[in-house]
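Chain by chain, the residues run as shown.
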Amino acid sequence: MSDFLGIHGTALALREQRLQVLSANLANADTPNFKAQDLDFTSALQSALQPNAAAGDAIDAAAQGARYARPSSQPSVDGNTVDGEREHALFAQAALEYRASLTFVESKVRGMLTAITGQ
């Protein structure tokens with residue numbers, strides 16, 4: 001199946017992982033000493049597409065390897081590094097990128113169904 005979807009299936013899974021990281025940041029915006037994290041999508045994708053990586057494990061390992069603590073733009077008294085407005089903007093951008101990847105996957109599947117059914 002990964003040959004059929006190409007890079008898009010892996011990209012979709014990694015974009016989902018990034019959305020989870022960003023949503024955790026938003027959920028912990030008021031948690032003392034919580035450090036905001038992000039996922040470097042490009043390096044995670046390159047790592048996940050290495051030929052020696054196992055399918056499901058490669059995506060999780062790549063996502064974990066590409067996570068990093070994002071420095072705060074404004075210091076907080078309680079040590080929390082989440083900037084709510086920045087997180088909302090990053091989440092909105094990540095959701096748009098996820099939707100774009102999903103559209104590519106849907107297009108591939110729709111094309112395959114058309115070929116199978118002949119319609």
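Residues numbered from 1 in each chain as written. Predicted model: local features only at pLDDT ≥ 70, side-chain atom pairs only at ≥ 80, totals over all residues. Heavy atoms only, no water.

Under an unreviewed UniProt entry, the name given to the protein is Flagellar basal body rod protein FlgB, and the source organism is Lysobacter auxotrophicus. The Subcellular location (unreviewed entry) comment attached to the protein in UniProt states, word for word, "Bacterial flagellum basal body". What the UniProt record of the protein gives under Function (unreviewed entry) is the line "Structural component of flagellum, the bacterial motility apparatus. Part of the rod structure of flagellar basal body." (UniProt positions renumbered as here; feature names shortened; annotations may be inferred.)

### What to know about helix H2 (residues 7-27)
For H2, which comprises 21 residues, the first-to-last C-alpha distance of 30 Å matches the rise-based estimate of 30 Å (1.5 Å per residue) to within 8%. Listed as buried for H2 are Thr10, Ala11, Leu12, Leu14, Arg15, Gln17, Arg18, Leu19, Val21, Leu22 and Asn25. (Helix = DSSP H or I, 4+ residues; strand = E, 2+ residues; numbered from the N terminus. Expected span 1.5 Å × (residues − 1). Buried < 20%, exposed > 50% of the residue type's maximum accessible area, 1.4 Å probe, protein only.)

### Looking at the side chain of arginine 18
By the element assignment, arginine 18 lies in helix H2. For arginine 18, a relative accessible area of 10% corresponds to the buried category.

### Looking at the nonpolar core
Within the largest apolar cluster, 11 residues are counted, these being Ala11, Leu14, Leu39, Phe41, Ala44, Leu45, Ala48, Ile59, Ala62, Ala63 and Ala66. Listing elements by their share of this core, those giving two or more residues are H2, helix H3 (41-48) and helix H4 (55-65). Residues in contact with alanine 44, not counting those within four places in the same chain, are Leu14, Leu39, Ala62, Ala63 and Ala66. (Core = buried A, V, L, I, M, F, W, Y, C linked by side-chain atoms within 4.5 Å. Contact = heavy atoms within 4.5 Å.)

### Thoughts on the packing of H2 against H3
Look at H2 against H3: their axes get within 10 Å of each other, and the N-to-C directions meet at 130°. Judged on the interaxial angle alone, H3 and H2 are oblique. Between H2 and H3 the crossing geometry is right-handed. The residues of H3 that touch H2, namely those facing Ile7, Thr10, Ala11, Leu14 and Arg15, are Phe41, Ala44, Leu45 and Ala48. Taken together, the residues that form the contact of H2 with H3 break down as 7 nonpolar, 1 polar and 1 charged. (Axes fitted to C-alpha atoms, helices over the stretch in contact; angles between N-to-C directions. Parallel < 35°, antiparallel > 145°, perpendicular 65-115°, else oblique. Left-handed = near helix turned anticlockwise from the far one by under 90°. Nonpolar A, V, L, I, M, F, W, Y, C, P; charged D, E, K, R; others polar.)

### Focus on H3
Of the positions making up H3, those classed as buried are Phe41, Ala44, Leu45 and Ala48. Down the axis of H3, the sector holding all buried residues measures 100°, keeping them to one side. (Arc of directions from axis to C-beta.)

### Here we look at the UniProt feature "domain: Flagellar basal body rod protein N-terminal" (unreviewed entry) in the protein
Under the UniProt annotation, "domain: Flagellar basal body rod protein N-terminal" (unreviewed entry) lies at residues 7-35. Annotation note: span residues 7-35, helix share 72%, strand share 0%, distance between end C-alpha atoms 31 Å.

### Considerations on the environment of glycine 79
Following the sequence through the fold, glycine 79 ends up in the loop between strand E2 (67-69) and helix H5 (84-117). Along the sequence, glycine 79 and serine 107 sit 28 residues apart, while their C-alpha atoms lie 45 Å from each other. Ignoring any residue separated from it by four or fewer positions in sequence, one finds glycine 79 in contact with Asn33, Phe34 and Lys35.

### A look at unusual backbone geometry
We note that asparagine 33 has phi near 65°; this positive angle belongs to a residue other than glycine. In this fold, asparagine 33 is placed in the loop between H2 and strand E1 (37-39). Look at asparagine 33 and you get exposed, because its relative accessible area is 53%.

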